[in-house]
Amino acid sequence: GQGIRAARSLVTLHLAFISCPELGDTGVAALGQGIRAATSLTTLSLVFIRCEQLGDTGVAALGQGIGAAESLSTLHLWFYCCFKIGDTGVAALGQGIRAA
């Protein structure tokens, strides 16, 4: 999050987290905060594959960060085998994105 926050002129961001067993809600929430601060961001692509510690809380915080990214026009999200993410997290993700 801190690195992205420092890159305010960032226009495109593509990140893939694959088999990251230690990546959880805290890290993804920080990522959301960084995205919120990247005021020039127009394209965002995030892939989470087998991030087994990622759950509803992190996804909800990510949605809030994405929803606050005012310049964002293209968004790609992929969650695969992230078994701690349920309906609550996906609903909160949608609420955060829709809030923009």
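For the structure, check the block above.
Attention in this report is confined to the structure presented alongside it. Everything quoted here is computed from the prediction, not taken from an experiment.

Here the focus is the packing of aromatic side chains. What describes a pair of aromatic rings is the distance from one ring centre to the other and the angle between the planes of the rings. Going through the model one piece at a time under the given rule, you end up with three aromatic pairs. Plain terms: the ring middles of Phe48 and Phe79 are 5.2 Å apart, the flat faces sit at 5 degrees to each other, and that makes the pair stacked. A residue pair is termed long-range when its members are at least 10 positions apart, and Phe48 in strand β2 (residues 43-49) and Phe79 in strand β3 (residues 74-80) qualify at 31 residues. Between Trp78 and Tyr80, the aromatic rings sit 6.0 Å apart at their centres with planes inclined by 40 degrees, giving tilted as the arrangement. Accessibility expressed as a relative area gives 41% for Tyr80, which makes it partly exposed. Among the aromatic residues, ring-to-ring pairing joins Phe17, Phe48 and Phe79 into one connected group.

On to helix α2 (residues 25-37). What sets the pattern is the α-helix's 3.6 residues per turn: residues three or four places apart point alike. The first and last C-alpha atoms of α2 sit 19 Å apart over 13 residues, in line with the 18 Å expected at 1.5 Å per residue. Looking at α2, one finds that the buried residues are Val28, Leu31, Gly32, Gly34, Ile35 and Ala37.

Let's shift gears to unusual backbone geometry. One non-glycine residue with positive phi stands out, namely Ser19, at about 55 degrees. The residue Ser19 is located in the loop between β1 (12-18) and α2 in this model. The phi dihedral of Cys81 is positive, around 55 degrees, even though this residue is not glycine.

The next subject is the environment of Gln64. Mapped onto the secondary structure, Gln64 falls in helix α3 (residues 56-67). With 28 residues separating them along the chain, Gln64 and Arg36 place their C-alpha atoms 8.0 Å apart. Ignoring anything within four residues of it in the chain, the contact list for Gln64 reads Arg36 and Gly96.

Each value, and the rule that gives it
- Residues numbered from 1 in each chain as written.
- Predicted model: local features only at pLDDT ≥ 70, side-chain atom pairs only at ≥ 80, totals over all residues.
- Heavy atoms only, no water.
- Phe/Tyr/Trp six-rings, centres within 6.5 Å; stacked < 30°, edge-to-face > 60°.
- Helix = DSSP H or I, 4+ residues; strand = E, 2+ residues; numbered from the N terminus.
- Buried < 20%, exposed > 50% of the residue type's maximum accessible area, 1.4 Å probe, protein only.
- Expected span 1.5 Å × (residues − 1).
- Contact = heavy atoms within 4.5 Å.

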